[in-house]
Amino acid sequence: MKSYREELTFCTPHRRDYINITPEVEKIIKKSGIKEGLCLVNAMHITASVFINDDERGLLRDFDDWLEAIAPHEPVDHYRHNVGEENGDAHLKRQVMGREVVVAVTGGKLDFGPWEQIFYGEFDGRRDKRVLVKIIGE
Ligand code: ZN
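The model shown is predicted, which means the values in this text are computed figures rather than measured ones. Note on numbering: residues in each chain are counted from 1, in written sequence order. Reporting in this predicted model follows two pLDDT cut-offs: at least 70 for local features of residues, and 80 or more for side-chain atom pairs to be given and counted; totals over whole chains, interfaces and linings ignore these cut-offs and use all residues. Derived side-chain values reflect all non-hydrogen atoms in the structure, with water molecules and hydrogen atoms excluded from consideration.

K.L.:
Would you mind going over a nonpolar patch on the surface with me for this structure?
P.N.:
For patches, a residue must show more than 30% relative accessible area and have no salt bridge; joins then use 9 Å for like charges and 5 Å for nonpolar side chains, namely Val, Leu, Ile, Met, Phe, Trp and Tyr. Exposure was quantified through the Shrake-Rupley algorithm and a 1.4 Å probe, taking into account, for residues, occlusion by the shown protein chains and nothing else. Salt-bridge detection follows one rule: a side-chain nitrogen of Lys or Arg within 4 Å of a carboxyl oxygen of Asp or Glu. On the surface, Met1, Leu38, Val102 and Ile136 cluster together to form a nonpolar patch covering roughly 400 Å² of accessible area. Topologically, Val102 is positioned in strand β5 (residues 100–106). In this description a helix means any DSSP run of H or I spanning at least four residues, a strand means any run of E spanning at least two, and both kinds are numbered starting from the N terminus.

K.L.:
Got a minute to help me understand the sheet that holds strand β4 (residues 48–53) in this structure?
P.N.:
Hydrogen bonds between backbone groups are what pair the strands of a sheet, and the pairing can be parallel or antiparallel. Taken together, the 3 strands give an open sheet; going across it, the order is β2-β7-β4, and neighbouring strands pair in antiparallel fashion. Bordering the open sheet on either side are β2 (17–20) and β4, each of which pairs with just one other strand. Sheet twist, expressed as the mean angle between neighbouring strand axes with direction ignored, is 25 degrees. In this analysis, strands are considered paired if DSSP registers two or more bridges between them. One ladder, built from 6 bridges, connects β4 with strand β7 (residues 117–122); its direction is antiparallel. Among the inter-strand pairings, Ser49 is bridged to a residue of β7, identified as Gly121. Between N-to-C directions, angles span 0 to 180 degrees; the directions come from axes that are lines fitted to C-alpha atoms, helices contributing only their stretch in contact.

K.L.:
Hey, could you run me through a positive patch on the surface in this one?
P.N.:
All tallies of charge rest on Lys and Arg as positive and Asp and Glu as negative; His and the ends of each chain are not included. Where a charge lies is defined by one atom per residue type: Lys uses NZ, Arg uses CZ, Asp uses CG and Glu uses CD. On the surface, Lys2, Lys30, Lys35 and Lys109 cluster together to form a positively charged patch. Here Lys35 lies in the loop between α1 (22–32) and β3 (37–43).

K.L.:
Quick question: what am I supposed to make of the coordination of the zinc ion here?
P.N.:
Coordination angles at a metal have ideal targets, namely 109.5 degrees for four tetrahedral donors and 90 or 180 degrees for six octahedral donors. Looking at the zinc ion, one finds its protein donor set to be His81 (NE2), Glu85 (OE), Asn87 (OD1) and His91 (NE2), positioned 2.1 to 2.7 Å from the metal centre. For the zinc ion, the 4 donor atoms in the first shell make angles of 78 to 165 degrees at the metal, a pattern classed as irregular. Here the term donor refers to an N, O or S atom within 2.8 Å of the metal (or 3.2 Å for Na, K and Ca), and because water is left out of the atoms, sites may appear incomplete. Within one chain, the residues donating to the zinc ion are spaced in sequence as H-x3-E-x1-N-x3-H. Classification of His81 by relative accessible area gives partly exposed; the value is 34%. Here the metal geometry follows the donor angles, with tetrahedral for four donors whose angles all fall between 85 and 135 degrees, square planar for four and octahedral for six when opposite donors are more than 155 degrees apart and every other angle is between 65 and 115, and irregular for all the rest. Under the scheme applied here, a residue whose accessible area is under 20% of the maximum for its type counts as buried, over 50% as exposed, and between as partly exposed, the area being computed with a 1.4 Å probe on protein chains only.

K.L.:
Would you explain the sheet that holds β5 in this entry?
P.N.:
Spatial ordering of the open sheet is given by β1-β8-β3-β5-β6, a layout of 5 strands whose pairing is antiparallel. Bordering the open sheet on either side are β1 (2–10) and β6 (109–110), each of which pairs with just one other strand. Contacts are assigned to residue pairs that have any heavy atoms within 4.5 Å of one another. Contacts from α1 reach β1, β3, β5, β6 and β8 (129–137), with the element oriented near 150 degrees to β1.

K.L.:
What exactly am I supposed to notice about the environment of Val83 here?
P.N.:
As for its position among the elements, Val83 is in the loop between α2 (57–70) and α3 (88–97). The class of Val83 is exposed, set by a relative accessible area of 71%. Once the C-alpha coordinates of Val83 and Ile118 are considered, the two residues, 35 residues apart in sequence, prove to be 33 Å apart.

K.L.:
Help me out: how do you make sense of the side chain of Asn42 in this one?
P.N.:
Considering the arrangement of structural elements, one finds Asn42 in strand β3. Residue Asn42 is classed as buried on the basis of its relative accessible area of 3%. With near-sequence residues (within four places) excluded, Asn42 lies in contact with Val50, Arg99, Glu100, Arg130, Val131 and Leu132.

K.L.:
Would you mind going over the packing of aromatic side chains with me for this structure?
P.N.:
Remark: the centre distance and the inter-plane angle together describe each pair of aromatic rings, the angle taken between the planes. Here a pair means two rings of Phe, Tyr or Trp (six-membered ring of Trp) with centres within 6.5 Å. Their orientation is stacked below 30 degrees between planes, edge-to-face above 60, and tilted elsewhere. Within this structure, the stated rule accounts for 4 aromatic pairs. When the ring of Tyr18 is compared with that of Phe123, the centres are 6.2 Å apart and the planes differ by 65 degrees; the resulting orientation is edge-to-face. Pair noted here: Tyr18 is in strand β2 and Phe123 is in the loop between β7 and β8, with a separation of 105 residues, a long-range link. Overall, the relative accessible area of 0% leaves Phe123 in the buried class. Note on Phe51 and Phe63: the rings are 5.6 Å apart at their centroids and 70 degrees apart in plane angle, and the pair reads as edge-to-face. Here Phe51, found in strand β4, pairs with Phe63, found in helix α2; they are 12 residues apart in sequence, far enough to count as distant. Here the two residues Phe51 and Phe63 agree in accessibility, since each one is buried. Through a chain of ring-to-ring contacts, three or more aromatic side chains come together here, namely Phe51, Phe63 and Phe119.

Below you can see the structure in the form of structure tokens.
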């Protein structure tokens, strides 16, 4: 069995951003040379997520509105976590949107269902954050 590991780094311009990282993951799979196996993609920070959904602008804005409705950023003193920091909402948003995805690799490609794409969800951005891509297989 072969394995390959690479990290992606993102520094988003806003506190919250949603980035389709599918092309980057596809490039890493190609580099790995693995044709049949599994690809794990996970956020390495506890205030960011990796998730799979449709690349549709309205949907991404709906996710953002929904997350702000259930865990609004302000007022920051609403969160017990926010002693000396103000990202309590970002921890909760990450928990809802998840840490990682695992996608089958078939014939050297991501074996997606219809419309599936991999996203990086940032909830406390404007600084470097990392995403791990690990591929195992043959
Ligand atoms: Zn925190």
